[in-house]
Amino acid sequence: MPDQALISWSGGKDAALALHHARRRPDLAITHLLTSVNAHYERVSMHGVRLALLAAQAERIGLPLTQLRLPEMPSMADYDEALQATLRGLHQQGVRRAIYGDIFLADLRAYREQQLARVPLRGEFPLWQRDSLALLEEFWTLGFQAIIVCVNDRYLDASFCGRLLDRDFIRDLPPGVDPCGENGEYHSFVFDAPYFSQPIAVVRGEVVRRTYQSPSGNDIGKDDPFAAGFWFCDLLPG
């Protein structure tokens, strides 16, 4: 019998492509979407996507959605506590594996595996060490479509926010930016996928800039990776 598995679902391209690969594996039965949510703003954490659009994705995929609800500025201790409680609850429901769309960040994968081992759950990383451009070509060939909903202004200016994730977008990226945004350069919202029952109609709203305190609890400084601001495109249901 295949193992029940959750997927860490941001609503973006990497999670969407990881789900595509996981669905093809006979040893996995994907049973839950798990999404971190900013409970203060009622939006997907870091992506800034409205929960109505997150729910639309879950409905079109046909999987139940579990929200990891977090305060506006969670500490790492807050996040770890909420994550462990949520993962243990899913484990009690029969989930035995967790799927992630990480590609290159070894420290992030190690952190995830340490957290999973405490439950215990087994981590699966279908996109691990794949070439960024090759992943994007696969994404487009399979029929996925996405919009850029957040950019880190250390890397990209506001003009990139709200654009379609297409070959023109990738061509316009400055040197040094990973095409998949693996270093946090940008985040996306998938509005069509080969396993969606139908596409999600969206309307681009205003683009706004926000800054955040470091999750370490320290004041933001010039050497803090979170010192930059982020541009968000507010997507509305179409």
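Residues numbered from 1 in each chain as written. Predicted model: local features only at pLDDT ≥ 70, side-chain atom pairs only at ≥ 80, totals over all residues. Heavy atoms only, no water.

A.B. asks: Just to check I follow, could you spell out the overall build of the protein for this structure?
C.D. replies: The helix and strand inventory of the protein stands at six helices and 10 strands. In terms of principal-axis extent, the alpha carbons of the protein reach across some 50 × 45 × 35 Å. In the protein, which comprises 238 residues, the share counted as buried stands at 48%. Excluding contacts between residues fewer than 6 apart, the proportion of contacts in the protein whose partners are at least 24 apart in sequence is 73%. Per element, the accessible surface of the protein, about 11,100 Å² overall, is 50% carbon and sulfur. For the protein, the distance from the average position of its 24 positive side-chain charges to the average position of its 30 negative side-chain charges is 4 Å. (Helix = DSSP H or I, 4+ residues; strand = E, 2+ residues; numbered from the N terminus. Buried < 20%, exposed > 50% of the residue type's maximum accessible area, 1.4 Å probe, protein only. Contact = heavy atoms within 4.5 Å. Areas by Shrake-Rupley, 256 points an atom, 1.4 Å probe, with all protein chains shown as cover. Lys, Arg positive; Asp, Glu negative; His and termini not counted. Charge placed at Lys NZ, Arg CZ, Asp CG, Glu CD.)

A.B. asks: Would you mind showing me how to read the pattern of salt bridges here?
C.D. replies: As a working rule, side chains carrying opposite charge can pair if their charged atoms are close by. Taken as a whole, this structure holds 19 salt bridges when the rule is applied. For R43, the salt bridge is made with D234, and the minimal N-O distance between the two is 2.9 Å. Of this pair, R43 sits in strand 3 (residues 43-44) while D234 is found in strand 10 (residues 230-237), placing the two residues 191 residues apart along the sequence. Here D102 makes a salt bridge to R112, at a shortest N to O gap of 2.6 Å. Of this pair, D102 sits in the loop between strand 5 (95-99) and helix 4 (106-117) while R112 sits in helix 4, placing them 10 residues apart in sequence. With a relative accessible area of 7%, D102 lands in the buried category. In the salt-bridge network here, residues are joined through shared partners; they are D3, R25, D27, R97, R122 and E124. (Salt bridge = Lys/Arg side-chain N within 4 Å of Asp/Glu carboxyl O.)

A.B. asks: What is the right way to read the environment of Y186 from this model?
C.D. replies: Within the element layout of this structure, Y186 appears in strand 8 (residues 186-192). Among the residues examined, Y186 registers a relative accessible area of 2% and is labelled buried. Each C-alpha atom of the pair Y186 and R97 lies 27 Å from the other, and the pair is 89 residues apart in sequence. Once residues lying within four places of it in the same chain are set aside, the contact partners of Y186 are K13, I148, C150, V151, L156, L165, F169, I170, D178, P179, C180 and G181.

A.B. asks: Which parts of the structure should I look at to understand the packing of helix 3 (residues 76-92) against helix 4?
C.D. replies: How two helices pack is summed up by the angle between their axes together with the distance between the axes. In contact at an axis separation of 10 Å, helix 3 and helix 4 are set at 50° when each is read in the N-to-C sense. Comparing their axes, helix 4 and helix 3 come out oblique. Read as a crossing pair, helix 3 and helix 4 show a hand that is right-handed. Counting all contacts with helix 3, which are made through M76, Y79, D80, L83, Q84 and L87, the residues of helix 4 involved are Y111, Q115 and L116. (Axes fitted to C-alpha atoms, helices over the stretch in contact; angles between N-to-C directions. Parallel < 35°, antiparallel > 145°, perpendicular 65-115°, else oblique. Left-handed = near helix turned anticlockwise from the far one by under 90°.)

A.B. asks: Would you take a moment to explain the packing of helix 1 (residues 13-23) against helix 5 (residues 132-141) for this structure?
C.D. replies: One can describe the packing of helix 1 onto helix 5 by two numbers: an axis separation of 11 Å at closest approach and a directional angle of 70°. As the angle between them shows, helix 1 and helix 5 are arranged roughly perpendicular. Here helix 1 contributes K13, L17 and H21 to the contact with helix 5, which in turn contributes L135, L136, E138 and F139. Tallied by class, residues from the contact of helix 1 with helix 5 come to four nonpolar, one polar and two charged. (Nonpolar A, V, L, I, M, F, W, Y, C, P; charged D, E, K, R; others polar.)

A.B. asks: Can you help me understand the side chain of Q57 in this one?
C.D. replies: Inspection of the secondary structure puts Q57 in helix 2 (residues 51-61). Judged by relative accessible area, which is 1%, Q57 ranks as buried. Every residue in contact with Q57, bar those within four places of it in the chain, is listed here: W9, G11, F189, V190, F196 and I200.

A.B. asks: So what exactly am I meant to see when it comes to the nonpolar core here?
C.D. replies: The nonpolar side chains of a soluble globular protein tend to be buried with one another. Counting residues in hydrophobic clusters, the biggest one holds 54 residues, and the most contacted among them are W9, I30, L165 and Y195. Contact partners of I30, with chain neighbours within four places excluded, come to A5, I7, L19, A22, R23, L63 and I99. Core analysis: the next-biggest nonpolar cluster, separate from the first, contains 16 residues, L68, L83, Y100 and L121 among them. (Core = buried A, V, L, I, M, F, W, Y, C linked by side-chain atoms within 4.5 Å.)

A.B. asks: Mind showing me how you'd approach the environment of D157 here?
C.D. replies: Considering the arrangement of structural elements, one finds D157 in the loop between strand 7 (145-152) and helix 6 (167-172). Counting along the chain gives 74 residues from D157 to W231, while the straight-line C-alpha distance between them is 7.8 Å. Residues contacting D157, with those up to four places away along its chain left out, are V151 and W231. Here S159 takes part through its side chain, which lies 2.4 Å from a polar atom of the side chain of D157. (Polar contact = N/O pair within 3.5 Å; in protein donor to acceptor, adjacent residues only side chain to side chain.)

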